[in-house]
Amino acid sequence: MEKELLKITLGKLPFSSIFRVTVTSVKPVIAPSYLLFPNTTEQDQIANAKKAYGIK
């Protein structure tokens, strides 16, 4: 795996160790506002995030 990473990074990002992660289970990540405001839609979430971060 070291050779592959060196090729990808062109040696510009040094690393001291490499480890492999095996996913054994997953759960969805749900924004708390979906639980606090059940009628919130994905579009509402996007609009609120854009407003909060000043994105048009």
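Residues numbered from 1 in each chain as written. Predicted model: local features only at pLDDT ≥ 70, side-chain atom pairs only at ≥ 80, totals over all residues. Heavy atoms only, no water.

## Notes on the overall build of the protein chain
And then number 1: Scanning the protein chain from N- to C-terminus turns up three helices and zero strands.
And then number 2: Put simply, the protein chain runs from its N terminus to its C terminus through helices and strands in the order α-α-α.
And then number 3: In summary, the protein chain has a C-alpha radius of gyration of 20 Å against a globular reference of 10 Å for 56 residues, an excess of more than 25%.
And then number 4: Principal-axis analysis of the C-alpha atoms gives the protein chain an extent of 50 × 35 × 15 Å.
And then number 5: A burial count over the protein chain gives 7% of its 56 residues as buried.
And then number 6: Within the structure as shown, the protein chain displays about 5,900 Å² of accessible surface, and the carbon and sulfur contribution to it stands at 61%.
And then number 7: Charged side chains in the protein chain number 8 positive and 4 negative. The centres of these two groups are separated by 5 Å. (Helix = DSSP H or I, 4+ residues; strand = E, 2+ residues; numbered from the N terminus. Rg over C-alpha atoms; globule rule 2.2 N^0.38 Å. Buried < 20%, exposed > 50% of the residue type's maximum accessible area, 1.4 Å probe, protein only. Areas by Shrake-Rupley, 256 points an atom, 1.4 Å probe, with all protein chains shown as cover. Lys, Arg positive; Asp, Glu negative; His and termini not counted. Charge placed at Lys NZ, Arg CZ, Asp CG, Glu CD.)

## Notes on the confidence of the model for the protein chain
And then number 1: Averaged over all residues, the pLDDT of the protein chain is 90; the fraction at 70 or higher stands at 100%.
And then number 2: For the protein chain, the element scoring lowest by mean pLDDT is helix H2 (residues 32-36), at 87; helix H3 (residues 42-52) scores highest, at 92. (pLDDT = per-residue confidence, 0-100.)

## Details of unusual backbone geometry
And then number 1: Of note, Leu10 is a non-glycine position whose phi angle comes to about 55 degrees, a positive value.
And then number 2: Mapped onto the elements of the fold, Leu10 is located in the loop between helix H1 (2-9) and H2.
And then number 3: Classification of Leu10 as exposed rests on a relative accessible area of 63%.

## Examining the side chain of Thr40
And then number 1: For Thr40, the location among the structural elements is in the loop between H2 and H3.
And then number 2: Residue Thr40 is classed as buried on the basis of its relative accessible area of 19%.
And then number 3: A polar contact is formed between the side chain of Thr40 and the backbone oxygen of Phe37, at a distance of 2.8 Å. (Polar contact = N/O pair within 3.5 Å; in protein donor to acceptor, adjacent residues only side chain to side chain.)

## Description of the environment of Phe19
And then number 1: Inspection of the secondary structure puts Phe19 in the loop between H1 and H2.
And then number 2: As a C-alpha pair, Phe19 and Ala52 span 33 residues in sequence and 37 Å in three-dimensional space.

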